[in-house]
Amino acid sequence: MILRYPARLYVFSLLSLLFLSSALALDDEHDEPLPDPACAALEHALDLVHSLNPHPAAHLDSKVTDAVSPFNRLGWGHEGPLSSALRMLPRVVGLVNPLRLVARAPIPDAVRGVLSGVGSLGGRGKAKVGKGRREKIERVWALLDEAEEAGCEDVWAARGDILMFPPKGIDQDLPGAYAAYERLLETSADPHAQFVLGFFHATGLANVTQDQGKAVLYYTMSALQGYKPAQMAMGYRYWTGIGVKEDCMTALEFYGSAADQAYTRFLAGPPGGETLPLSPSRLSDRVGGIYGPHASWASTGLNAQRAAVKASSAIARGETEREVLEYYQYHSDRDSHLYTVRLGRLFYLGSVYFLPGGIGSGGEAVGEIPQSFEKARAYFIKVARVMWPTDHDANGNVAPKKRMSKEMEDSVREPAMVAAAFLGRMAMRGEGQKRDYTRARLWYDRAAELGDREAHNGLGIIYRDGLAVPANAAKAYKYFQAAAGQELAEAQVNLGKHHLARGEVAQAVQLLEAALRHGSPFEAFHLLAAVHAETAQAQAQARGAQGMCGVAVAWHKLAAERGAWDDLDFVGDADRAWARGEEAKAMIGWWLAAEMGHEIGQNNVAFMLSKGVDPFGAGADKALPLWMRSAAQDNVDAMVMVGDYYYNGEHAARGVVARADASIAPPAPEADYDLALTYYQMAADTSSSALAYWNLGHMYEHALGVPRDWHLAKRFYDLALETSADAYLPWLLALTKLYAHSWLEEVRSGGRVKRLRVWDEDGQAGLWDGVKGLFRQGYADDVEDEGDGYEDLSGNGWGGGDDEDIDDLVESMLIVALGGVVMLLLWVRGRWGRIGQGQGG
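Residues numbered from 1 in each chain as written. Predicted model: local features only at pLDDT ≥ 70, side-chain atom pairs only at ≥ 80, totals over all residues. Heavy atoms only, no water.

## Some thoughts on the overall build of the protein
Then step 1. The helix and strand inventory of the protein stands at 36 helices and 0 strands.
Then step 2. Within the protein, buried positions represent 43% of all 841 residues.
Then step 3. Counting contacts in the protein only where the partners sit at least 6 residues apart, residues at least 24 apart contribute 60% of the total.
Then step 4. Only carbon and sulfur atoms are counted for the fraction: they give 57% of the accessible area of the protein, which is about 43,700 Å². (Helix = DSSP H or I, 4+ residues; strand = E, 2+ residues; numbered from the N terminus. Buried < 20%, exposed > 50% of the residue type's maximum accessible area, 1.4 Å probe, protein only. Contact = heavy atoms within 4.5 Å. Areas by Shrake-Rupley, 256 points an atom, 1.4 Å probe, with all protein chains shown as cover.)

In structure tokens:
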């Protein structure tokens, strides 16, 4: 039955509803907390602090300005010899600048000590502060004092933040920051303050007694309030057993919660997810590794292709990001469409190095440049308009491609396809323009027609989410399949999500694992971790076994670390502070990240402490625990470094208090060869560290912690050469010393210790092959194995063959020659000594 109301009653009811809704809205406004009048001064102080902080791209000011030449404004571009000469003139002047040549000259130790005392070495001294900035700083402190007197409790959080991460002109004061945060916790349960106090107790900084129990207490209170950094810190501690009993399931709970927060933020972004922060890299990798280029695991083998190592090599050659952009711009100005698209991609990502896995994977922080969607769009439009001059014809229909010759179409086809895909992505996500799903589909359709995988994935997102079109799961699936078939990681993740929604876990896992192989840096890790976490929890409830817990924790950890945005990106903030020359702020940021389990943070702090960079006076003994944590996360160079600590006895310095009486010498460090051997062997087991193999060979040669074994020493030296071709000369010198050492030991022992033979007919390159290899390229590769079927089981070298007598004769002659060289060197040394005594008399 339909009830019909009189018109006046209907209007009255409508007005009543409007009045009630207005009243409720007014009540809601009154329910919101009003600004505390006592904190008005604090708000003003925070505004001033914000003005004192560097702008977000300040760390890039010295790297890249504008890639477009300023000479364009004078009426000509990059074409012609005059423009090229003017563009290169500053570089030529810089190369021959006498001040630069003097700055690159070696500094004597005495002078270095004087310069370091006044803080002028390396440009890292205390920066000058202008009058205007000093007045602002004084005003900040006055306003904070005013807020404190007015009873504003939030002033303590502000004081702690300012003293811990001060702007230019304010000294960093960690004890003051600790006191401020501690005072804040007297009246509140601020999770950030709890996390920071836990950090100070965990590290012993700010003159705080190191106490892992208190650190765990503060971290736990903060983590239970949902503070992501504290959740990661507790997850890492339960995963590794630092200050708590190792418990994988508890670690999974903490890391899972942190990763869920990151994933929620990711999904809240534009279609396709929030843009990932640039991927950070270790500080040591930017100089070729802990042990330098060609010696470190970080810069040998496949690792030499990583962006950080490439960047360090480029810097060593004098190349910069500015020059990369100028080179691309030079070709773009000459209508090279490929370079124009590359320029657009660089400005879109904000880095000259991009990650595998597609556009959504992002770029590398080591090659960061100022990101500009506007510039990127301009470059993409320039190329796309060559093939599609207009979007619509006179009738409003989508305009077709421009008619052109086959040769011209072939030259512009791929660049135009990539440009159209980028334009579709930017329109869909509202990057550099307002979101326009219709225009996004137009560009995606054009790129997809040419076969672009990013365009197929973008169309799949449009039809899956119903962006300006009716949602169509079947059509979206088809587009995702087309992109995934071209090994696009983001499309494989989207297919995996489709199967997860249907409960088809096995198919989803296959697709997500494929996405990992093809470079997915975030979403695939989180989704797979969630699947394995559910399996581990079910197994723990059924049988008490943890099953896939370790894998789930590791992948949740990676997702939580990669999904760091805004003020929770401690590694990124520290990298930017380091680029600005703010060492102390960078170190504290990396150390905070290290407590959260970031291997990069652990490695950076340990590396800087080992190099003597210690703005807090923490002591070099703090480096070893961080090296060990980095090594536990599969950093091979860190494993070798920990082995070096035990080999040199430097581990014994941990916890030693300096004596009051300086005349009493401290005890000599005692080496622990067993633990050194363990870490070297751990690194060698990865088959990727030539240095670890060399160290093992040295220990077996000299019987350090192991029985002497010439053959095993030689085998490890040979493995060092096989691992890295750069180890050829050290390998040859080591083998020469090894053979001479074995001969001397045989002579000294009266034949009880057998020497190594110069000839190795077992197929392995010996000393003689190495010597000939210095004069004949690739000699060792030409050596043929002419084995007679005789196997030497004595461990003393080759025992048969037709040319044994000749070999023994040549070997004896070589040994005699080596002995003669040694005697000659001893005679020369004695002669020099007598000459020196005569001059002294």
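## Section: the pattern of salt bridges
Then step 1. Going through the model one piece at a time under the given rule, you end up with 32 salt bridges.
Then step 2. Between Asp436 and Arg439 there is a salt bridge whose closest N-O contact spans 3.9 Å.
Then step 3. Residue Asp436 is classed as partly exposed on the basis of its relative accessible area of 29%.
Then step 4. Here Glu701 ties to Lys737 by a salt bridge, and the two come within 2.9 Å at their closest N and O atoms. Pair noted here: Glu701 is in helix H31 (residues 690-702) and Lys737 is in helix H33 (residues 728-748), with a separation of 36 residues, a long-range link.
Then step 5. Here the salt bridges do not stand alone but share partners, grouping Arg385, Asp391, Asp436, Arg439 and Arg446 into one network. (Salt bridge = Lys/Arg side-chain N within 4 Å of Asp/Glu carboxyl O.)

## So, the environment of Pro625
Then step 1. Position of Pro625 relative to the elements: it lies in helix H28 (residues 623-632).
Then step 2. Separated by 17 residues in sequence, Pro625 and Val642 place their C-alpha atoms 9.0 Å apart.

## Section: a negative patch on the surface
Then step 1. A surface patch of like charges, here negative, comprises Asp36, Glu43, Asp47 and Asp154.
Then step 2. Within the element layout of this structure, Asp47 appears in helix H2 (residues 40-52). (Patch = residues over 30% accessible without salt bridge, like charges linked within 9 Å, V, L, I, M, F, W, Y side chains within 5 Å. Lys, Arg positive; Asp, Glu negative; His and termini not counted. Charge placed at Lys NZ, Arg CZ, Asp CG, Glu CD.)

## Details of unusual backbone geometry
Then step 1. With a phi angle near 60 degrees, Asn207 is a residue other than glycine that sits in the positive phi range.
Then step 2. When you line up the elements, Asn207 lands in the loop between helix H9 (191-203) and helix H10 (212-223).
Then step 3. Phi is positive for Glu487, which is not a glycine, with a value near 65 degrees.
Then step 4. Mapped onto the elements of the fold, Glu487 is located in the loop between helix H20 (473-484) and helix H21 (489-501).

## Let's talk about the state of the cysteines
Then step 1. Scanning all chains against the criterion turns up 2 disulfides.
Then step 2. Each disulfide pairs two cysteine sulfurs, and for Cys248 the partner residue is Cys549, the sulfurs being separated by 2.1 Å. Judged by the torsion about the S-S bond (-110 degrees), the Cys248/Cys549 disulfide is left-handed. Of this pair, Cys248 sits in helix H12 (residues 248-267) while Cys549 sits in helix H24 (residues 549-562), placing them 301 residues apart in sequence.
Then step 3. The class of Cys549 is buried, set by a relative accessible area of 0%.
Then step 4. Ordering the disulfide-forming cysteines of the protein by sequence position, one finds them joined as 1-2, 3-4. (Disulfide = S-S within 2.5 Å.)

## Some remarks on the confidence of the model for the protein
Then step 1. On average, the protein scores 82 in pLDDT, and the residues at 70 or more come to 76%.
Then step 2. When the elements of the protein are averaged for pLDDT, helix H5 (residues 109-118) gives the smallest value, 37, and helix H19 (residues 453-465) the largest, 98.
Then step 3. Here residues 1-30 scores under 50 on pLDDT; set against residues more than four positions off or in separate chains, the count is 0 contacts.
Then step 4. Segment residues 774-805 is flagged for pLDDT under 50; beyond a separation of four residues in sequence, or across chains, it makes 28 contacts in the model. (pLDDT = per-residue confidence, 0-100.)

## Looking at the side chain of Asp575
Then step 1. Along the polypeptide, Asp575 turns up in helix H25 (residues 570-579).
Then step 2. Owing to a relative accessible area of 11%, Asp575 belongs among the buried residues under this scheme.
Then step 3. In terms of polar contacts, Asp575 uses its side chain to reach the side chain of Arg286, at 3.4 Å.
Then step 4. Not counting the four nearest positions on each side in its chain, Asp575 is found in contact with Pro280, Arg286, Trp590 and Asn604. (Polar contact = N/O pair within 3.5 Å; in protein donor to acceptor, adjacent residues only side chain to side chain.)

## What to know about the nonpolar core
Then step 1. In this structure, Met164, Phe195, Phe199, Phe200, Trp590, Trp591 and Trp627 are the most contacted members of the largest nonpolar core, which totals 150 residues.
Then step 2. With 10 residues, the single largest contributor to this core is H12.
Then step 3. Residues within four places of Phe199 in sequence aside, it is in contact with Met164, Leu205, Tyr219, Ile588, Trp591, Leu592 and Glu595.
Then step 4. Of all hydrophobic cores here, the second largest spans 56 residues; its members include Ala416, Leu423, Leu459 and Leu467. (Core = buried A, V, L, I, M, F, W, Y, C linked by side-chain atoms within 4.5 Å.)

## A word on the packing of aromatic side chains
Then step 1. A full pass over the atoms with the stated rule returns 28 aromatic pairs.
Then step 2. Residues Tyr348 and Phe422 carry aromatic rings whose centres are separated by 5.3 Å and whose planes lie at 70 degrees to one another, so their mutual orientation is edge-to-face. Of this pair, Tyr348 sits in helix H15 (residues 337-349) while Phe422 sits in helix H17 (residues 406-429), placing them 74 residues apart in sequence.
Then step 3. Ring geometry for Trp388 and Trp443: centres 6.1 Å apart, planes at 80 degrees, overall edge-to-face. Taken together, the positions of Trp388 in the loop between helix H16 (373-387) and H17 and Trp443 in helix H18 (residues 437-449) put the pair 55 residues apart, joining distant regions of the chain. The two residues Trp388 and Trp443 agree in class, both being buried.
Then step 4. Of the aromatic side chains, those joined through ring pairs into one cluster are Phe195, Tyr219, Tyr227 and Phe570. (Phe/Tyr/Trp six-rings, centres within 6.5 Å; stacked < 30°, edge-to-face > 60°.)

## What to know about the packing of helix H27 (residues 599-610) against H28
Then step 1. Relative orientation of the contacting elements H27 and H28 amounts to 145 degrees, with a least axis distance of 8 Å. Note that H27 runs across H28; the crossing there is left-handed. Contacts from Glu599, Gln602, Asn603, Val605, Ala606, Phe607, Leu609 and Ser610 of H27 reach H28 at Ala623, Leu626, Trp627, Arg629 and Ser630.
Then step 2. The class makeup of the residues in the contact of H27 with H28 is 7 nonpolar, 4 polar and 2 charged. (Axes fitted to C-alpha atoms, helices over the stretch in contact; angles between N-to-C directions. Left-handed = near helix turned anticlockwise from the far one by under 90°. Nonpolar A, V, L, I, M, F, W, Y, C, P; charged D, E, K, R; others polar.)

## Regarding the packing of H10 against helix H11 (residues 228-240)
Then step 1. Axis separation between H10 and H11 bottoms out at 8 Å; the angle between their running directions is 130 degrees. Classified by the angle between their axes, H10 and H11 sit oblique to one another. Handedness of the crossing formed by H10 with H11: left-handed. For the pair formed by H10 and H11, the contact residues are Gln212, Ala215, Val216, Tyr219, Thr220, Ser222 and Ala223 on the first element and Ala230, Gln231, Ala233, Met234 and Arg237 on the second.
Then step 2. Residues that form the contact of H10 with H11 fall into these classes: 7 nonpolar, 4 polar and 1 charged. (Parallel < 35°, antiparallel > 145°, perpendicular 65-115°, else oblique.)

## A word on H25
Then step 1. Counted residue by residue, H25 has 7 buried out of 10 residues, so it is predominantly covered.
Then step 2. Buried residues in H25 make contact with H9, H11, helix H26 (583-595) and H27.

## Focus on the environment of Leu276
Then step 1. Note that Leu276 resides in the loop between H12 and helix H13 (307-316).
Then step 2. Residues Leu276 and Gly363 lie 87 residues apart in sequence; the distance between their C-alpha atoms is 8.7 Å.
Then step 3. When near neighbours in sequence (up to four residues on either side) are disregarded, Leu276 contacts Phe266, Gly360, Ser361, Pro521, Phe522, Arg562 and Trp565.

## Observations regarding the environment of Gly601
Then step 1. Within the fold, Gly601 resides in helix H27.
Then step 2. In this structure Gly601 comes out as buried when scored by relative accessible area, which is 0%.

## Digging into helix H8 (residues 174-184)
Then step 1. The set of residues buried in H8 consists of Leu174, Gly176, Ala177, Tyr178, Ala180, Tyr181 and Leu184.
Then step 2. Close packing links the buried residues of H8 with helix H7 (155-164), H9 and H26.
Then step 3. Sitting at the amino-terminal end of H8 is Asp173, which places a side-chain oxygen 3.0 Å from the backbone nitrogen of Gly176.

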